[in-house]
Amino acid sequence: MNFDFGRVALVLLFAIVPIGGIILGIRAPALRSRIPIMVGFLAGLVPIVSLYVPKNFISGPTGMSPRLDQWLIILAGFALLLGIVNVLQTSIRKITRREAGWPFAVVLLAGLFSTGSFGIHGAISGQGIGFLPDGSPTPFKYMADWFFLPLQSTIFSLLAFFMASAAFRAFRARNTEATILLVAAGLIMAGRVPLLELFALPFPGLQPAAAGASQFLGRTTEWIMDTPNGAAQSGIIIGAALGAASMAIRVILGIERGYLGLGKGE
Amino acid sequence: MAGFFDRMLTLDRRWIFLFVFLSVAIPIIIPIGLPVTTTGSTRSAFEFIEALQEGDIVWISFDYGPSSAPENDPMAEAIMRQCALKKLRFVVDVLYPLGGLQLANNAIGKIAEEFPKLRYGVDYVNLGYKDGAAAVMRRLGEDIAGAFPTDVNGTPLAQIPMMQGLKSLRQVKLVFTAATGLIGEWWITQVHSQIGIPVIIGPTAVSAPKYYAFLNSGQLVGMLGGMKGAAEYEKLLRGRYPQMAKFYKTTRDFTATKGMDAQTVLHTIILMFILLGNYAYFRQRAKAARA
């Protein structure tokens, strides 16, 4: 018989240990924080070890690390459920207390339930969320195409109006730093589009010169994006990665406990 | 004239809104047809796909929602058109939860109509949406069926001819992600860095600056930055494939090339407002200093 060590170890570490911890935690409150820290430690350790230990039980296609990835996908699904519960709680509270803007919460819940029920109906009935056999859209697709997609596009497109207004008010050369920002932003905005060709449209004689100048502006823009921007972005990304790594180490070692949601005494 | 500049400092923002609306609406209704110049990052993306062999598999990930569809839709569609023309096979997945699946379905439907010879399950597959983007990517590197047991229609992958020989992401030649937000970056950190698959990204213009760092480090083979990148790609497609030149000239659908007209006029309007605002600001400051 082929003994699957990886699977057994995962079940042991992430199912039996936490369940045992919950049972023991009822009787011994001190264990309530230690068991989740232990689970966090193991969950953090497995992917790291799998990078350095080329053994089937941990890094092979059916080893502990790839299986843990699959468990993560399932857990992510539960996170969605958690989000729905949160939306329900806050919206219902808003409606019952008649807080400011409560009718919007009613619309939100109506949208959540109608879209969700159409989707669940599509999954259970087998008709899916695309088209019906006669070519007409399913209720879910109808809701998505004619309500959700245009609404989300509309909300985002409002940004163009506010960004233009904010740029007009905030982009002032008040000091050296603001001037550098203003000049760089102006060059990028002009260099990313055929602005000079637009100005030369009524004057055919000027168009070749406008095209040449536009290409120079485009190259200047690319240099700004590639060199100063690229260097700054590299620094930011490396800094953020080091910060994330140190935070991960703090979580794995149980120094960072905020995610446990326990009281200070625990 | 002095009164005009004084008024500029306290300009009602609804005037700006009106100018923004007109500068976007008019060029979309009446296209100008302004030229588009290509950049190195877009050209290297295009040439990389051109160098692939017939039958190679390209992974196309729809990692955006309706909010950035005008930028990302033309990119994803142009890449799929190039795959169809080059006879490359492509697999589509969706990792963005808010409407990404609808956009992918619509784009695939459009491409299937444009290229009636494309056969579902043989030339392309739509795997649908899966939650937990980074975890899904890691799983795809080992076992595609482990992350997507069925396609978008619920058909097990084992029953789809194209997927029978495709077990892991390691077998695809390229990942293209049309992305908004962080998901695009995860394709670099979780897939390229750990499996070594080349990645091309199509981010929104807002997030494009971040990806120059990855381009410089060689972790991306190319980038289609925002609507400009998509318009550049459409230009490259038109230049290489005459049928595409005809298509982009006659299609009534929205294309990035049409969008660039609106973007150019809008940038011009915003720049003019910024210049006028600054001139009025310095005038007022000089007046105050004199007083």
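Residues numbered from 1 in each chain as written. Chains lettered and ligands numbered in written order. Predicted model: local features only at pLDDT ≥ 70, side-chain atom pairs only at ≥ 80, totals over all residues.

### Remarks on the overall build of chain A
As a reminder, the rule being used: Working definition: helices are DSSP H or I runs of at least four residues, strands are E runs of at least two. Numbering for both runs from the N terminus. Here the globule rule is a power law, 2.2 Å times the number of residues to the power 0.38, and the radius of gyration is based on C-alpha atoms. With C-beta atoms placed from the backbone, a residue is buried if 20 or more other C-beta atoms are within 10 Å of its own, exposed if 12 or fewer are, and partly exposed between those counts.
Within chain A, the secondary structure is distributed over nine helices and zero strands. Traced from its N-terminal end to its C-terminal end, chain A shows the element sequence α-α-α-α-α-α-α-α-α. Relative to the compact-globule value of 18 Å for 266 residues, chain A shows a C-alpha radius of gyration of 28 Å, a clear excess of over 25%. Overall size of chain A, expressed as C-alpha extent along the three principal axes, is 85 × 50 × 45 Å. When each of the 266 residues of chain A is scored for burial, the buried share is 15%.

### Description of the nonpolar core
Residue and element names in this part refer to chain B. Our working rule: Any nonpolar core is a set of buried residues, restricted to Ala, Val, Leu, Ile, Met, Phe, Trp, Tyr and Cys, that join up through C-beta atoms within 7 Å. What counts as a contact is two residues whose backbone-derived C-beta atoms lie within 7 Å of each other.
Ranked by internal contacts, the top residues of the largest apolar core, which has 85 residues, are V58, I60 and F90. For this core, the leading source of residues is helix 4 (residues 69–86), giving seven residues. Dropping the residues within four chain positions of it, V58 is found in contact with C83, L88, F90, V172, K173, L174 and F176.

### Structural notes on the sheet that holds strand 4 (residues 174–179) of chain B
Residue and element names in this part refer to chain B. Test applied: Think of it this way: DSSP has to see at least two bridges between two strands before they count as a pair.
Ordered in space as 3-2-1-4-5-6, the six strands form an open sheet in which the pairing is parallel. This sheet does not close on itself; its edge strands, each paired only once, are strand 3 (124–129) and strand 6 (222–223). Relative to strand 3, strand 2 (residues 89–94) runs parallel, the two being bridged by four bridges. Each residue of the ladder has a partner; that of V92, found in strand 3, is N126.

### Topic: the domain arrangement of chain A
It is common to give the size of an interface as the accessible area that goes away when the parts come together. Put simply, the test is: Throughout, the edges of the domains are those of an automatic or database domain assignment.
When cut into domains, chain A gives domain 1 (1–88), domain 2 (100–170) and domain 3 (171–257). Computed from C-alpha coordinates alone, the two centres of domain 1 of chain A and domain 2 of chain A are separated by 35 Å.

### Re the confidence of the model for chain A
One rule of thumb: low pLDDT means the predicted coordinates there are not for detailed reading. Operational definition: Every residue gets a pLDDT, meaning the predictor's confidence in that residue, from 0 to 100.
Looking at chain A, pLDDT values average 87 and 97% of them are 70 or higher. Per-element confidence in chain A ranges from a low mean pLDDT of 79 for helix 1 (residues 5–27) of chain A to a high of 93 for helix 9 (residues 207–252) of chain A.

### Overview of helix 6 (residues 133–140) of chain B
Along helix 6 of chain B, eight of the eight residues are buried, which leaves the element largely enclosed by surrounding structure. Among the residues of helix 6 of chain B, A133(B), A134(B), A135(B), V136(B), M137(B), R138(B), R139(B) and L140(B) are the ones counted as buried. Contacts made by the buried residues of helix 6 of chain B are with helix 4 (64–96) of chain A together with helix 7 (144–147) and helix 9 (183–195) of chain B.

### Here we look at the environment of G165(B)
Residue and element names in this part refer to chain B. Within the element layout of this structure, G165 appears in the loop between helix 8 (161–164) and strand 4. Taking the C-beta count within 10 Å as the criterion, G165 has 8 such neighbours and is therefore assigned exposed. Spatially, the C-alpha atom of G165 lies 22 Å from that of V199, the residues being 34 residues apart in sequence.

### Examining the interface of chain A and chain B
So the rule is basically this: The residue classification treats Ala, Val, Leu, Ile, Met, Phe, Trp, Tyr, Cys and Pro as nonpolar and Asp, Glu, Lys and Arg as charged. All others, Gly included, are polar.
On the side of chain B, 49 residues touch chain A, which itself brings 48 residues to the contact. Sort the elements by how many residues they give to the side of chain A that touches chain B and helix 6 (residues 139–170) of chain A lands first, with 13 residues. For the side of chain A that touches chain B, the residue count by class is 26 nonpolar, 15 polar and seven charged.

### Brief notes about the environment of L52(B)
All names here are of chain B. Within the element layout of this structure, L52 appears in the loop between helix 3 (40–50) and strand 1 (57–63). Classification of L52 as partly exposed rests on a count of 17 C-beta atoms within 10 Å. Separated by 121 residues in the primary sequence, L52 and K173 place their C-alpha atoms 7.8 Å from one another.

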